[in-house]
Amino acid sequence: IDGWLAPGAAASIELRQGSEIRAVQADEDGRFVFADVEPGLTRFLIRLPGDGSQLPVVTPAVEI
């Protein structure tokens, strides 16, 4: 999966499939990559930089 945050920002991105959680860091333009993703229901959790007071963004489940 090759993705971008809009607007672009460095952020921590988690891919969640069932009990599996994988994490990557988006670059300053918001680009991130997850390699070798298995098919199935998938959610993304996005933690934006800051002091930790902002709640993470959680996407609806999508079928990969």
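We now turn to the structure provided with this report. (Residues numbered from 1 in each chain as written. Predicted model: local features only at pLDDT ≥ 70, side-chain atom pairs only at ≥ 80, totals over all residues. Heavy atoms only, no water.)

1. A closer look at the overall build of the protein
And then number 1: Scanning the protein for helices and strands turns up zero helices and seven strands.
And then number 2: Along the protein, helices (α) and strands (β) appear in the sequence β-β-β-β-β-β-β when read from the amino end.
And then number 3: For 64 residues, the compact-globule estimate of 2.2 N^0.38 gives 11 Å, and the C-alpha radius of gyration of the protein, at 12 Å, lies within 12% of that figure.
And then number 4: Summarising its shape, the C-alpha atoms of the protein cover approximately 35 × 20 × 15 Å along the three principal directions.
And then number 5: The buried share of the protein, taken over its 64 residues, is 27%.
And then number 6: Counting contacts in the protein only where the partners sit at least 6 residues apart, residues at least 24 apart contribute 40% of the total. (Helix = DSSP H or I, 4+ residues; strand = E, 2+ residues; numbered from the N terminus. Rg over C-alpha atoms; globule rule 2.2 N^0.38 Å. Buried < 20%, exposed > 50% of the residue type's maximum accessible area, 1.4 Å probe, protein only. Contact = heavy atoms within 4.5 Å.)

2. Some thoughts on a nonpolar patch on the surface
And then number 1: Nonpolar side chains collect at one region of the surface, where Ile1, Val62 and Ile64 lie side by side and expose about 200 Å² of accessible area between them.
And then number 2: On the secondary structure map, Ile64 appears in the segment after strand S7 (62-63).
And then number 3: For Ile64, a relative accessible area of 38% gives the class partly exposed. (Patch = residues over 30% accessible without salt bridge, like charges linked within 9 Å, V, L, I, M, F, W, Y side chains within 5 Å. Areas by Shrake-Rupley, 256 points an atom, 1.4 Å probe, with all protein chains shown as cover. Salt bridge = Lys/Arg side-chain N within 4 Å of Asp/Glu carboxyl O.)

3. Thoughts on the side chain of Glu14
And then number 1: By secondary structure assignment, the location of Glu14 is in strand S2 (residues 11-17).
And then number 2: Taking relative accessible area as the criterion, Glu14 reaches 11% and is therefore assigned buried.
And then number 3: A distance of 2.6 Å separates polar atoms of two side chains, one belonging to Glu14 and the other to Arg16.
And then number 4: Contact partners of Glu14, with chain neighbours within four places excluded, come to Ile21, Arg22, Ala23, Phe34, Arg43, Phe44, Leu45 and Arg47. (Polar contact = N/O pair within 3.5 Å; in protein donor to acceptor, adjacent residues only side chain to side chain.)

4. Remarks on the nonpolar core
And then number 1: Counting residues in each nonpolar core, the largest one holds 10 residues, listed as Leu5, Ala11, Ile13, Leu15, Ala26, Phe32, Phe34, Val37, Phe44 and Ile46.
And then number 2: By residue number, the principal contributor to this core is S2, which donates three residues.
And then number 3: Leave out the neighbours within four places in its chain, and Ala26 touches Leu5, Ala9, Ala10, Ala11, Ile13, Arg31 and Phe32. (Core = buried A, V, L, I, M, F, W, Y, C linked by side-chain atoms within 4.5 Å.)

5. Quick notes on the pattern of salt bridges
Two side chains of opposite charge can pair, provided their charged atoms sit close to one another.
And then number 1: Going through the model one piece at a time under the given rule, you end up with three salt bridges.
And then number 2: Two residues, Arg31 and Asp2, come together in a salt bridge whose shortest N-O distance is 3.1 Å. Taken together, the positions of Arg31 in strand S4 (residues 31-33) and Asp2 in strand S1 (residues 2-4) put the pair 29 residues apart, joining distant regions of the chain.
And then number 3: With relative accessibility at 36%, the residue Arg31 sits in the partly exposed group.

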